[in-house]
Amino acid sequence: VKLADVKKLPPLDRFFYFVEERESVRLKKEVGLPKPWTDDTALLNYRFTNVRRMDDRVSQELVDLWYKPYFNHPRMLLAIALARFFNRPRALGVITNLVFGRDYLPADIRIVMRNLKKQGEKIWNAAYMVRGNNGKDKVASVVNFNVGALKKAMDKNPDFIVMESMEATWENIKACYGFGSFMAGQVVADARWAIVGTWEDRMTWAPIGPGSQKGMNTILGLDPKAPMKQDMFCKQLRFLFDVLHQRLPKIAERIELFDLQNCCCEMSKFNKVVMGYGRPKQLYDGVVS
C-alpha cells in the first residue's frame with residue numbers, strides 16, 4: 001500500500017487500516033515468514049508497538065522475568081513501577097532479589113543500577129522519557145522520588161490497589177509524586193496481568209495520555225492539539241471499540257480498551273509519517289536484510 005493512498009483515506013478508515021496492517025505484520029513475523037512483512041513504508045521504516053500491548057517484546061519479557069514468577073507478590077506494584085520506568089528487562093534481572101527478596105532494598109537497587117550503567121550496560125529504554133529531579137540523577141529520581149512516593153502511599157493505605165477497578169487504582173497511583181496520567185496508566189496496565197483482581201473496567205476504561213489524545217483527535221478529524229477530557233476520551237474509545245468489533249472482529253476479541261488507547265498513541269506517530277509533518281523517534285529495520 002502506498003502512503004499516498006493511505007493519506008487519501010478518511011481519518012477513521014486510516015486508523016483501522018493501521019490497526020489491521022500492524023497486526024498483520026506481527027502475525028507474519030510470529031510464524032517465521034521472512035521480511036518484509038508489509039509494503040507500507042511507514043511500518044517498514046519506523047517502530048510501532050503492537051496492537052495488543054502485551055504482545056510487545058519488553059512486555060513479554062517482563063511477564064516472564066517478574067510478573068509470572070512473582071505473581072501477586074506484596075511488592076508487585078513497586079516492581080511494576082520500577083519495571084516501566086527503567087523498561088530494560090536485562091538490567092532489571094540483576095535487581096530481582098533486591099525487589100522480591102525478604103526486604104525491599106532501594107539503596108542497593110540504586111548502587112546496582114549505577115554500577116551497571118558504569119559498566120556500559122543500558123539501564124533505560126527510550127520508549128519513555130525519564131528525567132532527573134532536584135539535581136539528582138535519574139536512578140535516584142526513580143527509586144527515591146517516584147517509587148519511594150508510591151511505597152509511602154501504599155504503606156499508608158492498605159486498600160491502595162482497588163482490585164475491581166483499573167481506574168480507581170490509576171487515580172491512587174496518579175496522586176503519587178512523579179506519576180502523571182501516562183505513567184500511572186502504564187503501571188496499572190501491567191498490574192492487570194500481575195496482581196489478582198477482577199479489573200471489571202478493563203473493557204470500558206483507559207487513561208488519556210499526550211500521545212493518545214493527539215491520536216484520538218486525529219482519528220476524529222480534529223486538531224491534534226485540541227483539548228479533550230478523560231470522560232470524553234473514554235466515550236470515544238468505546239465507540240472505536242464497537243466499530244472495531246464490526247470491522248475487525250478477530251483483532252477486537254484479543255484486546256482490551258487499554259490496547260485501543262495504545263493504538264491511538266501509535267496512530268499519532270503513524271499519521272505524522274503519512275501526512276508528512278514528522279516521524280517517530282525510533283527507526284525499525286523491516287526491509288529485507
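Everything below is about the structure shown above.
On to the pattern of salt bridges, then. Within this structure, the stated rule accounts for 19 salt bridges. A salt bridge links Asp55 to Arg52; the nearest nitrogen and oxygen atoms lie 2.9 Å apart. Looking at Asp55, the relative accessible area reads 11%, which means it is buried. Given the relative accessible area of 18%, Arg52 is considered buried. Note that Arg57 is salt-bridged to Glu61, the shortest N-O span being 3.3 Å.

This part covers the nonpolar core. In this structure, Phe86, Met113, Leu150, Phe179 and Phe270 are the most contacted members of the largest nonpolar core, which totals 91 residues. The element best represented in this core is helix 5 (residues 76-86), accounting for 10 residues. Apart from the residues lying within four places of it in its own chain, the contact partners of Phe179 are Ala81, Phe85, Asn146, Leu150, Ile173, Lys174, Ala184 and Val187.

Here the residue pair Lys35 and Pro36 is connected by a cis peptide bond, since its omega of 10° sits within 30 degrees of zero. Looking at where Pro36 falls in the secondary structure, it is placed in the loop between helix 2 (11-30) and helix 3 (41-45). Although it is not a glycine, Trp199 adopts a positive phi angle of roughly 45°. Within the secondary structure, Trp199 is located in the loop between helix 11 (181-194) and helix 12 (210-219). Exposure remark for Trp199: the relative accessible area of 1% places this residue in the buried category.

About the criteria used
- Residues numbered from 1 in each chain as written.
- Predicted model: local features only at pLDDT ≥ 70, side-chain atom pairs only at ≥ 80, totals over all residues.
- Heavy atoms only, no water.
- Salt bridge = Lys/Arg side-chain N within 4 Å of Asp/Glu carboxyl O.
- Buried < 20%, exposed > 50% of the residue type's maximum accessible area, 1.4 Å probe, protein only.
- Core = buried A, V, L, I, M, F, W, Y, C linked by side-chain atoms within 4.5 Å.
- Helix = DSSP H or I, 4+ residues; strand = E, 2+ residues; numbered from the N terminus.
- Contact = heavy atoms within 4.5 Å.

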